[in-house]
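Observations on chain architecture
The primary structure of each chain is shown beneath.
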Amino acid sequence: MRILVAEDEIDLAEALKMMLEMQKYSVEVVHDGSDALFYAESTPYDLILLDVMMPKKSGIEVVRELRAGGNTTPVLMLTAKSQLEDKVTGLEEGADDYLTKPFEAPELLARVKSLLRRPNVFVASVMNIGNIELNRDKFTMESASGQVLLNNKEFQLMEYFMMNSNQVLSTDLIMEKVWGLDSDAEINVVWVNISSLRKKLASIDANVTIKSARGLGYQLMVEA
């Protein structure tokens with residue numbers, strides 16, 4: 001399960017990340033509303049934890065724009081405000097639940113588990129492009145010629161390419177989306193994993209390739 005945490009209080013954001021990862025969730029963290037909207041629109045999440053008061057865009061603005069764009073990912077709003085009108089506004093704009101700070105960890109985790117059980121978001125277990133398919137359940141990539149197992153980062157990288165096929169993705173953007181803003185990994189880890197993916201694509205006779213766009217980044221394309 002993937003969760004996006006949008007919280008501008010750094011210490012709280014890190015505490016939430018640690019708490020959720022201890023429950024075996026995959027967590028990404030952003031600290032302002034603009035990043036929250038960008039991440040939520042470009043990556044499929046199972047749940048978004050969204051602080052109301054954030055720089056650049058408020059949580060209310062973010063959930064409003066997500067719902068206007070057809071994004072149905074469950075949203076749990078977090079805020080220091082306790083007034084009834086704030087809760088009503090968040091729910092009317094499309095939030096699924098509301099939690100007032102300060103809150104206890106067991107209550108947060110209970111809300112998270114409840115929202116994740118709701119069957120209002122469907123994410124296909126198999127993604128297809130060209131003559132290959134990526135299986136989210138098995139972490140495999142296959143074609144009629146064979147199947148290869150991907151490690152965690154190879155899988156996330158291929159998934160991100162497939163969700164943005166035919167778009168040129170910069171190395172910095174890939175680094176942020178796959179390894180995270182707080183990663184200590186060197187930038188060359190992107191090149192290493194792309195090289196590995198290219199070899200695995202070739203090994204199953206894929207008609208899909210990861211092309212380099214000089215000075216711009218990388219692009220997943222189906223060969224004619």
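Remember, it's a predicted structure, so these values are computed and weren't measured experimentally. (Residues numbered from 1 in each chain as written. Predicted model: local features only at pLDDT ≥ 70, side-chain atom pairs only at ≥ 80, totals over all residues. Heavy atoms only, no water.)

1. A closer look at the nonpolar core
Put simply, the rule is: Nonpolar core, defined: a set of buried Ala, Val, Leu, Ile, Met, Phe, Trp, Tyr and Cys residues in which side-chain atoms within 4.5 Å join the residues together. Throughout this description, buried means an accessible area under 20% of the type-specific maximum (1.4 Å probe, protein chains only), exposed means over 50%, and partly exposed covers the range between. Going along the chain from the N terminus, every DSSP run of H or I of four or more residues is numbered as a helix, and every run of E of two or more is numbered as a strand. Note on definitions: a residue-residue contact is assigned when non-hydrogen atoms from the two residues lie within 4.5 Å.
Judged by nonpolar contacts, the single largest core of 29 residues is most densely connected at Ile132, Met141, Met158, Phe161 and Ile174. Counting residues per element, the ones that place at least two in this core are strand E6 (126-129), strand E7 (132-135), helix H6 (152-163), helix H7 (171-179), helix H8 (188-203), strand E10 (208-213) and strand E11 (217-222). Ranked by residues supplied to this core, first place goes to H6 with six residues. Beyond its immediate chain neighbours, meaning those up to four positions away, phenylalanine 161 contacts Leu169, Ile174, Ile194, Ile210, Tyr218, Gln219 and Leu220.

2. A closer look at the environment of threonine 43
Following the sequence through the fold, threonine 43 ends up in the loop between helix H2 (33-42) and strand E3 (47-51). A residue is classified by how much of its surface remains accessible, and threonine 43, at 7% relative accessible area, is buried. With 134 residues separating them in the primary sequence, threonine 43 and lysine 177 have C-alpha atoms 8.4 Å apart. Discounting chain neighbours no more than four positions away, the residues touching threonine 43 are Arg2, Glu28, Tyr160, Met163 and Lys177.

3. What about the side chain of glutamine 156?
Considering the arrangement of structural elements, one finds glutamine 156 in helix H6. Not counting the four nearest positions on each side in its chain, glutamine 156 is found in contact with Arg2 and Val178.

4. Section: the side chain of asparagine 135
Among the secondary structure elements, asparagine 135 is positioned in strand E7. When residues no more than four places from it in sequence are discounted, the contact partners of asparagine 135 are Ser125, Val126, Thr140 and Phe155.

5. Considering unusual backbone geometry
Positive phi values are uncommon outside glycine, yet lysine 24 reaches one of about 75 degrees. Tracing the backbone through its elements, the reader meets lysine 24 in the loop between helix H1 (10-22) and strand E2 (26-30). On the basis of relative accessibility, which here comes to 73%, the residue lysine 24 falls in the exposed class. Despite not being glycine, lysine 56 has its phi angle at roughly 75 degrees, a positive value. Its place among the elements puts lysine 56 in the loop between E3 and helix H3 (59-68).

6. Quick look at the sheet that holds E2
The criterion, for reference: Note on pairing: DSSP must find at least two bridges between two strands before they are called paired. A fitted line through C-alpha atoms represents every axis, and for helices the fit uses only the stretch in contact; the resulting angles, taken between N-to-C directions, go from 0 to 180 degrees.
One open sheet accounts for five strands, arranged E2-E1-E3-E4-E5; its pairing is parallel. The two strands at the open ends of the sheet, each matched to only one other strand, are E2 and strand E5 (97-100). Strand-to-strand twist in this sheet, taken as the mean axis angle between neighbours without regard to direction, amounts to 20 degrees. Summarising the sheet, strand E1 (residues 2-6) and E3 pair through four bridges and their orientation is parallel. The residue bridging valine 5 from the neighbouring strand is leucine 49, located in E3.

7. Observations regarding the packing of H2 against H7
To keep things clear, this is the line we draw: Angle categories: roughly parallel below 35 degrees, roughly antiparallel above 145, roughly perpendicular from 65 to 115, and oblique for all the rest. Classification convention: Asp, Glu, Lys, Arg as charged; Ala, Val, Leu, Ile, Met, Phe, Trp, Tyr, Cys, Pro as nonpolar; all other residues, Gly among them, as polar.
Here H2 crosses H7 at 85 degrees, and the two axes come no closer than 12 Å. For the element pair H2 / H7, the angle class is roughly perpendicular. Facing H2, whose interface residues are Phe38, Tyr39 and Ser42, H7 presents Leu173, Glu176 and Lys177. Here the residues of the contact of H2 with H7 are counted per class, giving three nonpolar, one polar and two charged.

8. Description of H7
Most of H7 is tucked away: seven of the nine residues are buried. Where H7 is concerned, the buried positions are Thr171, Leu173, Ile174, Met175, Lys177, Val178 and Trp179. The secondary structure elements touched by the buried residues of H7 are E2, H2, H6, H8 and E11. A positive backbone phi angle near 95 degrees is found at glycine 180, which sits one or two residues after H7.

9. Quick notes on the sheet that holds E6
Read from one edge to the other, the open sheet built from four strands follows the order E6-E7-E8-E9, with strand pairing classed as antiparallel. The strands lining the two open edges of the sheet, one partner per strand, are E6 and strand E9 (146-149). Taking each pair of neighbouring strands and ignoring which way they run, the sheet shows an average axis angle of 20 degrees. Here E6 pairs with E7 via four bridges, running antiparallel. Residue asparagine 128 lies in a different strand from E7, and its bridge partner there is glutamate 133. This element, H6, spans E6, E7, strand E8 (140-143) and E9 of the sheet and lies at about 125 degrees to E7.

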